[in-house]
Amino acid sequence: MSKIKQQVEDALLCVKSGQTILVGGFGLIGAPLTLIDGLTKKDVKELTIVSNNLGESGKGLGILLNQNKIKKGIGSYFTSNRDVGDKYQKGEIQLELLPQGTLAESLRAGGAGLGGYYTTTGVGTNLANGKEERDIDGVTYLFEKAIRGDVALIRAHKADRLGNLVYYKTARNFNPLMATAAKTVIVEVDEIVEPGQLDPEEIVTPHLYIDSIILAQQILTKEGVVAR
């Protein structure tokens, strides 16, 4: 069966209320804006969103936030969207703050099938509260659990029809890691090409990780998010 979906709603059929969704992007850079837009139109709630941040006010994941569809956010940089802080102060959302490197490594561990790992990052800070500490060779480490998702929504530059992916510069960010750490992976891309047209040396995410592919219908420009 073809992995290519013509309609966003078809690609998002697997997304259900209460799931943990991994969403690529750093701010709006490398964010799957078309898939996020489709999610704002889908009747789901109580989602746990794992992403570097929750979009910007009224943009990207920020729209989903304002629809009260997000129960919990796990990420590193929530202050880029003031609405997140407002909702947290009102008790309308749960937040789990992770240092950015810890977020990346937790996703990598999830994709590698690990239960977690030990790190010195966060030792002696409030981020260590409630976490296991262990002394290894005289150094104190924190145990961080791996992160896995039910669904990953990611953004790439090109895909072939099999689902092999290449990325564009910094838009790569968390996307390749998230592609390995979810049960179902949906990608939006700028272009779909035939097998053999991608340089094998440029392929970052192999096709075996990808379940569905759509063409991007929303893109980020200097003027903001625009329809393609």
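To keep things clear, this report deals only with the structure shown in the data block.

Parameters at a glance
- Residues numbered from 1 in each chain as written.
- Predicted model: local features only at pLDDT ≥ 70, side-chain atom pairs only at ≥ 80, totals over all residues.
- Heavy atoms only, no water.
- Pairing = 2+ DSSP bridges.
- Helix = DSSP H or I, 4+ residues; strand = E, 2+ residues; numbered from the N terminus.
- Axes fitted to C-alpha atoms, helices over the stretch in contact; angles between N-to-C directions.
- Contact = heavy atoms within 4.5 Å.
- Buried < 20%, exposed > 50% of the residue type's maximum accessible area, 1.4 Å probe, protein only.
- 1 Å grid on protein atoms, 1.4 Å probe; cavity = no way out; pocket = protein on both sides within 12 Å on 5 of 7 lines; lining within 4 Å.
- Points joined across faces, edges and corners; volume = space filled by probe spheres on them.
- Nonpolar A, V, L, I, M, F, W, Y, C, P; charged D, E, K, R; others polar.
- Expected span 1.5 Å × (residues − 1).
- Arc of directions from axis to C-beta.
- Patch = residues over 30% accessible without salt bridge, like charges linked within 9 Å, V, L, I, M, F, W, Y side chains within 5 Å.
- Areas by Shrake-Rupley, 256 points an atom, 1.4 Å probe, with all protein chains shown as cover.
- Salt bridge = Lys/Arg side-chain N within 4 Å of Asp/Glu carboxyl O.

A separate point is the sheet that holds strand β7 (residues 139-145). In space, the three strands of this open sheet follow the order β5-β7-β6, with antiparallel pairing throughout. The open sheet has two edge strands, β5 (116-119) and β6 (133-136), and neither has a second partner. In this sheet, adjacent strand axes meet at a mean angle of 35° when their direction is disregarded. Inspection of the sheet shows β5 paired to β7 by four bridges, in the antiparallel sense. Bridge pairing in β7 links G116 to K145. Taken strand by strand, helix α5 (residues 100-111) contacts β5 and β7, and its axis lies near 150° from that of β5.

Taken residue by residue, a regular strand's side chains alternate between the two faces of the sheet. For strand β11 (residues 182-189), the tally of buried residues reaches six of eight residues, placing the bulk of the element in the interior. Across six bridges, the pairing between strand β8 (residues 149-155) and β11 is parallel. In the strand pairing of β11, G149 is matched with A182. Bridge count for β11 against strand β13 (residues 212-215) is four bridges, and the pairing is parallel. Within the sheet, the bridge partner assigned to E188 lies in β13 and is I214.

This part takes up helix α2 (residues 33-40). Burial analysis of α2 places seven of its eight residues in the buried class, the great majority of the element. Every buried residue belonging to α2 is among L33, T34, L35, I36, G38, L39 and T40, and all of these are buried.

Under the definition given, this model contains one cavity of 30 Å³ or more. What the largest cavity holds in volume is close to 50 Å³. Contributing to the lining of the largest cavity are V23, G24, G25, G27, L28, A31, I36, S51, N53, G55, G60 and L61. Taken together, the residues of the lining of the largest cavity break down into five nonpolar, seven polar and no charged.

On to the layout of surface pockets. If you add up the space inside the largest pocket, you get close to 340 Å³. Element by element, the count of residues in the lining of the largest pocket is highest for strand β14 (residues 218-221), at three residues. Among the residues forming the lining of the largest pocket, the class breakdown is nine nonpolar, four polar and two charged. Size it by volume and the second largest pocket reaches roughly 260 Å³. Here the lining of the second largest pocket gets three residues from one element, more than from any other, and that element is β7.

For α5, built from twelve residues, the straight-helix expectation of 16 Å at 1.5 Å per residue is met to within 8% by its first-to-last C-alpha distance of 17 Å. Here α5 has its buried residues at T102, L103, S106, L107, A109 and G110. Down the axis of α5, the buried set is contained in an arc of 160°. They therefore lie on one face. Buried residues along α5 sit in contact with β1 (20-23), β2 (47-50), β3 (70-75), β5, β7 and α6 (175-180). Immediately beyond the C-terminal end of α5, within one or two residues, lies G113, with a positive phi of roughly 80°.

A word on a nonpolar patch on the surface. A surface patch of nonpolar side chains, amounting to about 290 Å² of accessible area, comprises F26, I29, L220 and V225. Among the secondary structure elements, I29 is positioned in the loop between β1 and α2. Note on I29: relative accessible area 38%, which makes it partly exposed.

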